[in-house]
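A look at the structure
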Amino acid sequence: MLRVTSFSLKVIQFYELLNIIPRTQSQGIISKCSKMSTSATPPTVMTSEAWAKQWKEKNATWHKDVTHKFLQKHLDKLLAARENIKIFVPLCGKAVDIKWLSDMGHTVTGVELVEQAITEFFEEQQVEYTTELAESVNGRLFKSIDGKIRLYQCDLFNYSSTIEGQFDAIWDRGSLCAMNVEDLRRYVDLMVSMMHQDCRYLLATYDYDGSRYGGPPHNTPDDQITALFGERCDIQRLEYEDICSEKHKKWGLEAIYEKLDLITLK
């Protein structure tokens with residue numbers, strides 16, 4: 001987004017002095033940039049109550065009834081020829097990806113704040129389950145009878161690697177870009193702490209003009225991902241796809257891209 005800083009203002013006035021641009025044009029540039037700066041949409045701050053309301057009102061528009069196409073296409077990158085591995089799914093909602101991975105023999109652990117999403121997952125996927133208190137996370141544990149699916153209902157930041165150890169893989173579809181900006185560093189620290197040395201982390205995020213829409217999902221530009229993960233992890237771009245639809249245009253966006261990165265520990 002363009003902003004009129006003291007430096008850029010001096011540059012424009014200098015060009016005007018040299019007659020490179022006429023004064024009427026320079027004033028127009030300053031006016032346009034100022035409007036863009038003041039009308040920018042700040043990132044939306046989401047609370048636990050706001051997320052629960054989205055589920056209660058059947059407004060979880062991010063949920064997909066089919067396994068995510070990026071996960072299907074790049075499953076080999078996640079598994080790396082390994083069988084019966086432990087996979088972590090942060091802010092899992094009722095993602096059908098969980099059962100898809102479990103059916104292959106993997107153990108899938110998810111964390112979700114809203115209990116409704118978890119119970120709907122087991123009911124819709126017709127998976128028998130039990131529930132128990134999970135005092136270590138100040139929440140509850142919902143698990144399939146065979147133990148292959150383990151979903152914790154709690155605040156994500158109450159969870160840690162001390163609960164079920166580190167993981168062989170992480171599938172993060174929209175979790176990082178659901179975070180409030182002030183929680184991003186804390187979130188990434190948590191994710192990295194749960195990565196086993198050979199962990200394969202598939203991260204799906206979005207790229208769009210953040211001045212036009214405040215999220216969620218929040219805009220996650222490449223330089224932000226690099227700043228968050230770059231010191232400790234290698235980042236490999238796998239996908240960059242234009243997904244702009246009428247829904248996104250109603251958000252005020254002219255373009256939006258869904259990205260997929262493979263993250264591994266250095």
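This part takes up the packing of aromatic side chains. Summed over all chains, the structure comprises ten aromatic pairs. Centre to centre, the rings of F88 and F167 are 5.0 Å apart; their planes meet at 35 degrees, and the pair counts as tilted. On the criterion of sequence distance, the pair formed by F88 in strand 1 (residues 86-90) and F167 in strand 6 (residues 167-173) is long-range, its members being 79 residues apart. Among the residues examined, F88 registers a relative accessible area of 0% and is labelled buried. Look at F167 and you get buried, because its relative accessible area is 0%. Taken together, a centroid distance of 5.7 Å and an interplanar angle of 85 degrees make the contact between Y201 and F229 edge-to-face. Taken together, the positions of Y201 in strand 7 (residues 195-208) and F229 in helix 10 (residues 222-229) put the pair 28 residues apart, joining distant regions of the chain. Classification of Y201 as buried rests on a relative accessible area of 0%. One aromatic cluster in this structure is built from F88, Y152, Y159 and F167.

Moving on: the confidence of the model for the protein chain. Within the protein chain, residue pLDDT values average 86, and 83% of them lie at 70 or more. Scored below 50 in pLDDT, residues 1-18 makes 24 contacts in the model with residues more than four places away or belonging to other chains. Every residue in residues 28-39 scores below 50 in pLDDT, and together they form 14 contacts with partners more than four places removed in sequence or on other chains.

Another aspect to go through is the pattern of salt bridges. On inspection of all chains with the given rule, the structure shows 15 salt bridges. Between E241 and K69 there is a salt bridge, and its shortest N-O distance comes to 2.5 Å. With a gap of 172 residues between them, E241 in strand 8 (residues 233-242) and K69 in helix 4 (residues 69-73) connect regions that are remote in the sequence. For K69, a relative accessible area of 45% gives the class partly exposed.

What follows concerns helix 10. Buried within helix 10 are the following residues: I225, L228 and F229. Buried residues along helix 10 cover an arc of 80 degrees about the axis, so they all sit on one side. Contacts from the buried residues of helix 10 go to helix 9 (184-193), strand 7, strand 8 and strand 9 (256-265).

On to the sheet that holds strand 4 (residues 139-144). By way of backbone hydrogen bonds, the strands of a sheet pair with one another, either parallel or antiparallel. The strand order 3-4-5-2-1-6-7-9-8 describes an open sheet built from nine strands, whose pairing is mixed. In this open sheet, the two edge strands, each paired with only one partner strand, are strand 3 (129-134) and strand 8. Pairwise comparison of adjacent strand axes, ignoring direction, gives a mean angle of 20 degrees for this sheet. Across eight bridges, the pairing between strand 7 and strand 9 is antiparallel. Along strand 9, the bridge assignment pairs A204 with L260. Against the sheet, helix 7 (residues 115-124) contacts strand 2 (107-112), strand 3, strand 4 and strand 5 (149-153), and its axis sits at roughly 160 degrees relative to strand 5. The sheet strands contacting helix 10 are strand 7, strand 8 and strand 9, and the helix crosses strand 8 at an angle near 160 degrees.

Definitions and cut-offs
- Residues numbered from 1 in each chain as written.
- Predicted model: local features only at pLDDT ≥ 70, side-chain atom pairs only at ≥ 80, totals over all residues.
- Heavy atoms only, no water.
- Phe/Tyr/Trp six-rings, centres within 6.5 Å; stacked < 30°, edge-to-face > 60°.
- Helix = DSSP H or I, 4+ residues; strand = E, 2+ residues; numbered from the N terminus.
- Buried < 20%, exposed > 50% of the residue type's maximum accessible area, 1.4 Å probe, protein only.
- pLDDT = per-residue confidence, 0-100.
- Contact = heavy atoms within 4.5 Å.
- Salt bridge = Lys/Arg side-chain N within 4 Å of Asp/Glu carboxyl O.
- Arc of directions from axis to C-beta.
- Pairing = 2+ DSSP bridges.
- Axes fitted to C-alpha atoms, helices over the stretch in contact; angles between N-to-C directions.

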